[in-house]
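Single-letter residue listing:
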Amino acid sequence: MSAIADAQASAPDAVIVGSGPNGLAAAVTLARAGLAVEVFEGADRPGGGCRTAELTLPGYAHDVCSTVHPLAAASPFFRTFTAEQIPLRTPKVAFAHPLDGGRAAAVSGSVSDTAETFGGDARAYRRLLGPLVKHADDIIPNALGPVRPLPIPPLAMARFGALGIQPARMLASRFHTPEARAAFAGCAAHAVQPLTYPLTGGFGLVMTILAHYVGWPVVEGGSAGITSALVDELERHGGRVHTGHWIESLAELPAARATLLDITPRQLLAIDDGRLPARYRRALGRYRYGPGIFKVDWALSGPVPWEAESCHAAATVHVGGTLEEIARSEADVAAGRICERPFCIVVQSTVVDPARAPAGHHTLYAYCHVPSGSPVDMTDRIEAQIERFAPGFRDLVLARVSSSPADVEAKNPNYIGGDIASGSTSMLQTLFRPTFALRSYRTPVRGLYLCSASTPPGGGVHGMAGMRAAEVALRALGQRPSVLAQNPGAGAR
Ligand SMILES: Cc1cc2nc3c(=O)[nH]c(=O)nc-3n(C[C@H](O)[C@H](O)[C@H](O)COP(=O)(O)OP(=O)(O)OC[C@H]3O[C@@H](n4cnc5c(N)ncnc54)[C@H](O)[C@@H]3O)c2cc1C
């Protein structure tokens, strides 16, 4: 019997397309509420952006996509899982940022701990981050939800909004030391936007708040551990995941009371069987995708020989030099140019999780932003940037695998042109995605929802788009969502 026929025979209440963290979060939320859930995944393994594989050599476990999980650690959805279900390894330094001459910025511990390392910027750092980190319990869950005009936000949220709407360059002008300026720019560059654009300051703030709030952890053994925990939880509540089954038309899907799609607008347009109204199709057609990434995975015979000491204690190292250099790199990408000295996000998970590689050896990945679909091989440029701050790095390389934007998309069709945020993070599209309608998850078709990173709060492994979409679906079915009550370990982290 085919997977579809098998699922049809079991008369599911809910069907999910795509088993990324959002698809599985939706599935778990619905299953915990008592619905019979069937998930269809095209790839031969579940997980989407949370998969781990021996990409280079046997015995070296690499994350195919995400590795660093501050968003998951702070996410109200993932806080319904216990530390035993998703074991995190948190490095001493959340992230480090080397500069020429063996210097580096390092963000770790409390706001005061980090401020002290910023010398002349200590006071400015404390004044900017202190009040925000103090109210992170309010700010982060709000930042991980859809933007709503009501209720009027509490003071901390209003302060965060007023600061976060600013371009990163404007916010960073409070700092004068190259270290503090570069550290903030590196966080803001996760927005994949020029640092002069509004809201890039907000990305910088969220990433920095998270560094002090929960750290920047990795999952023991690799990000596939998140997927296993989600699939186990789903199966514990009677749900099932069918892998190796690409959905090419909505018409293929078994009838269900709710259908949730962990895919992006362009994919929904492609699988629409004529049921979407023309107005909604036009609105989805206006959805914009952002730049792509070029990624390299390495197997190394030893740790990266960073000149700056603090870089050895971080799983994440932002490589790209000063704020001005990072700003140029992101501006080049937005203008469709290749940057010779690109800003790179470098991840060395084996610093905190050595079992991912044979004894004494390491895995490493780095990616830089590139124009959407760019065919240019960035391997040498990325390696040169690492070598700049870690002379001798290239001598440690046992094997490497490079992935162009097209390769990234081939591994996961949600990353169109290599866009790992499943849609541009321009200010408007961050605040309103996938369309300008306030109902972000609901489509005009009864019982049909979008739940991917193309819906609020956007990219990253937080499961919040899936959870929120499932809550909307449950309300439409007359059920009250009670996600926290369904797991005895709720709030354990
Ligand atoms: C290299 C890289 C590094 C990253 N690093 C981080 C990081 O460190 N931290 C972080 O928080 N985030 C990171 N991200 C981003 C993060 O992985 C994504 O934002 C997140 O996975 C999005 O989750 P999702 O559930 O919306 O979609 P995805 O995880 O993209 O999952 C979508 C799933 O749907 C399936 N699918 C699509 N179309 C169909 C179809 N027609 N039929 C059946 N199945 C279908 C896909 O195969 C896929 O499994 C990274 C991404 C990449 C690529």
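Above this text is the structure in question.
Small disclaimer: the values here were computed from a predicted structure and weren't measured.

Analysis parameters
- Residues numbered from 1 in each chain as written.
- Predicted model: local features only at pLDDT ≥ 70, side-chain atom pairs only at ≥ 80, totals over all residues.
- Heavy atoms only, no water.
- Helix = DSSP H or I, 4+ residues; strand = E, 2+ residues; numbered from the N terminus.
- Rg over C-alpha atoms; globule rule 2.2 N^0.38 Å.
- Buried < 20%, exposed > 50% of the residue type's maximum accessible area, 1.4 Å probe, protein only.
- Areas by Shrake-Rupley, 256 points an atom, 1.4 Å probe, with all protein chains shown as cover.
- Lys, Arg positive; Asp, Glu negative; His and termini not counted.
- Charge placed at Lys NZ, Arg CZ, Asp CG, Glu CD.
- 1 Å grid on protein atoms, 1.4 Å probe; cavity = no way out; pocket = protein on both sides within 12 Å on 5 of 7 lines; lining within 4 Å.
- Points joined across faces, edges and corners; volume = space filled by probe spheres on them.
- Nonpolar A, V, L, I, M, F, W, Y, C, P; charged D, E, K, R; others polar.
- Near = heavy atom within 4 Å.
- Polar contact = N/O pair within 3.5 Å; in protein donor to acceptor, adjacent residues only side chain to side chain.
- Pairing = 2+ DSSP bridges.
- Axes fitted to C-alpha atoms, helices over the stretch in contact; angles between N-to-C directions.
- Parallel < 35°, antiparallel > 145°, perpendicular 65-115°, else oblique.
- Left-handed = near helix turned anticlockwise from the far one by under 90°.
- Contact = heavy atoms within 4.5 Å.
- Salt bridge = Lys/Arg side-chain N within 4 Å of Asp/Glu carboxyl O.
- Core = buried A, V, L, I, M, F, W, Y, C linked by side-chain atoms within 4.5 Å.

### Some thoughts on the overall build of the protein
Stage number 1. Of regular secondary structure, the protein possesses 18 helices and 16 strands.
Stage number 2. Relative to the 2.2 N^0.38 estimate, which gives 23 Å for 493 residues, the radius of gyration of the protein is 22 Å and therefore close to what a compact globule would have.
Stage number 3. Considered along the principal axes of its C-alpha atoms, the protein spans approximately 65 × 55 × 45 Å.
Stage number 4. When each of the 493 residues of the protein is scored for burial, the buried share is 59%.
Stage number 5. Approximately 18,400 Å² of the protein is accessible, and the part contributed by carbon and sulfur atoms is 54%.
Stage number 6. Positive and negative charge centroids in the protein, built from 44 and 42 side chains respectively, lie 10 Å apart.

### Concerning empty space enclosed by the protein
Stage number 1. Scanning all chains against the criterion turns up three cavities of 30 Å³ or more.
Stage number 2. Looking at the largest cavity, its volume works out to about 70 Å³.
Stage number 3. Val192, Gly290, Pro291, Asp419 and Ala421 are, among the 15 residues lining the largest cavity, the residues nearest its centre.
Stage number 4. Here the residues of the lining of the largest cavity are counted per class, giving six nonpolar, eight polar and one charged.

### Things to note about unusual backbone geometry
Stage number 1. The omega torsion across arginine 433 and proline 434 is 5°, close enough to zero to call that bond cis.
Stage number 2. For proline 434, the position within the fold is in the loop between α17 (427-431) and β16 (448-450).
Stage number 3. Backbone geometry at valine 192 places phi at a positive 55°, although glycine is not the residue there.
Stage number 4. Looking at where valine 192 falls in the secondary structure, it is placed in the loop between α9 (178-188) and α10 (200-213).
Stage number 5. Valine 192 sits in the buried class, given a relative accessible area of 17%.

### Let's talk about the site of the ligand
Stage number 1. Of all residues adjacent to the ligand, which total 37 residues, the nearest are Asn22, Glu41, Gly49, Val68 and Gly460.
Stage number 2. Within the backbone of glycine 48, one N or O atom sits 3.4 Å away from an oxygen atom of the ligand.
Stage number 3. Within the backbone of threonine 67, an N or O atom sits 3.2 Å from an oxygen atom of the ligand.
Stage number 4. Within the complex, 95% of the 1,000 Å² of free accessible area of the ligand lies under protein.

### Regarding the sheet that holds β16
Stage number 1. An order of β9-β2-β1-β10-β16 is seen for the five strands of this open sheet, with the pairing classed as parallel. With partners counted over all chains shown, the strands left at the sheet margins are β9 (240-242) and β16, one partner each. Each strand axis lies, on average, 20° off the axis of its neighbour in the sheet, ignoring direction.
Stage number 2. Where strand β10 (residues 258-261) and β16 come together, three bridges link them in parallel fashion. Bridge assignment links leucine 260 to a residue of β16, and that residue is tyrosine 449.

### Quick word on the packing of helix α6 (residues 136-143) against α10
Stage number 1. Interhelical geometry of α6 versus α10 gives an angle of 130° and a closest axis separation of 11 Å. Taken together, the axes of α6 and α10 are oblique relative to one another. The handedness of the crossing between α6 and α10 is left-handed. In contact with Ala136, Asp137, Ile139, Ile140 and Ala143 of α6, α10 contributes Val206, Ile209, Leu210 and Tyr213.
Stage number 2. Among the residues making up the contact of α6 with α10, the classes are represented as eight nonpolar, no polar and one charged.

### Remarks on the pattern of salt bridges
Stage number 1. Scanning the model with the defined rule gives 22 salt bridges in all.
Stage number 2. Where arginine 181 meets glutamate 324, a salt bridge forms, and the shortest distance between an N and an O atom there is 2.6 Å. Note that arginine 181 is positioned in helix α9 and glutamate 324 in helix α14 (residues 323-334), a separation of 143 residues in sequence.
Stage number 3. Among the residues examined, glutamate 324 registers a relative accessible area of 32% and is labelled partly exposed.
Stage number 4. One salt bridge connects glutamate 471 with arginine 468, and the closest N-O pair in it is separated by 3.6 Å. Here the residue glutamate 471 and the residue arginine 468 both occupy positions in helix α18 (residues 464-476), the gap between them amounting to three residues, near one helical turn.
Stage number 5. Each of Asp63, Arg89, Glu220, Asp353 and Arg356 takes part in a single network of salt bridges with overlapping partners.

### A few points about the nonpolar core
Stage number 1. Within the largest apolar cluster, 96 residues are counted, with the highest numbers of intra-cluster contacts made by Val37 and Leu260.
Stage number 2. For this core, the leading source of residues is α18, giving eight residues.
Stage number 3. Contact partners of leucine 260, with chain neighbours within four places excluded, come to Val15, Ile16, Val17, Ala26, Leu30, Tyr449, Cys451, Ala469, Ala470 and Ala473.
Stage number 4. Residues Val93, Trp298, Val370 and Phe389 belong to the second largest nonpolar core, which totals 28 residues.

### Focus on the packing of helix α5 (residues 122-134) against helix α7 (residues 155-164)
Stage number 1. Running from amino to carboxyl end, α5 crosses α7 at an angle of 140°, the nearest separation of the two axes being 10 Å. One finds that α5 runs oblique with respect to α7. For the element pair α5 and α7, the recorded crossing hand is left-handed. Contacts between α5 and α7 involve Arg127, Leu128, Pro131 and Leu132 from the first element and Arg159, Phe160 and Leu163 from the second.

### A short note on the side chain of histidine 97
Stage number 1. The residue histidine 97 is located in strand β6 (residues 93-98) in this model.
Stage number 2. Assessed through its relative accessible area of 0%, histidine 97 is described here as buried.
Stage number 3. A distance of 2.8 Å separates a polar atom in the side chain of histidine 97 from the backbone oxygen of glycine 321.

### Details of the sheet that holds strand β7 (residues 104-107)
Stage number 1. The seven strands lie next to each other as β7-β6-β12-β13-β14-β11-β15, forming an open sheet whose pairing is mixed. The open sheet has two edge strands with one neighbour each: β7 and β15 (397-403). The average undirected angle you get between the axes of adjacent strands in this sheet is 20°.
Stage number 2. With three bridges connecting them, β6 and strand β12 (residues 314-319) associate as parallel partners.

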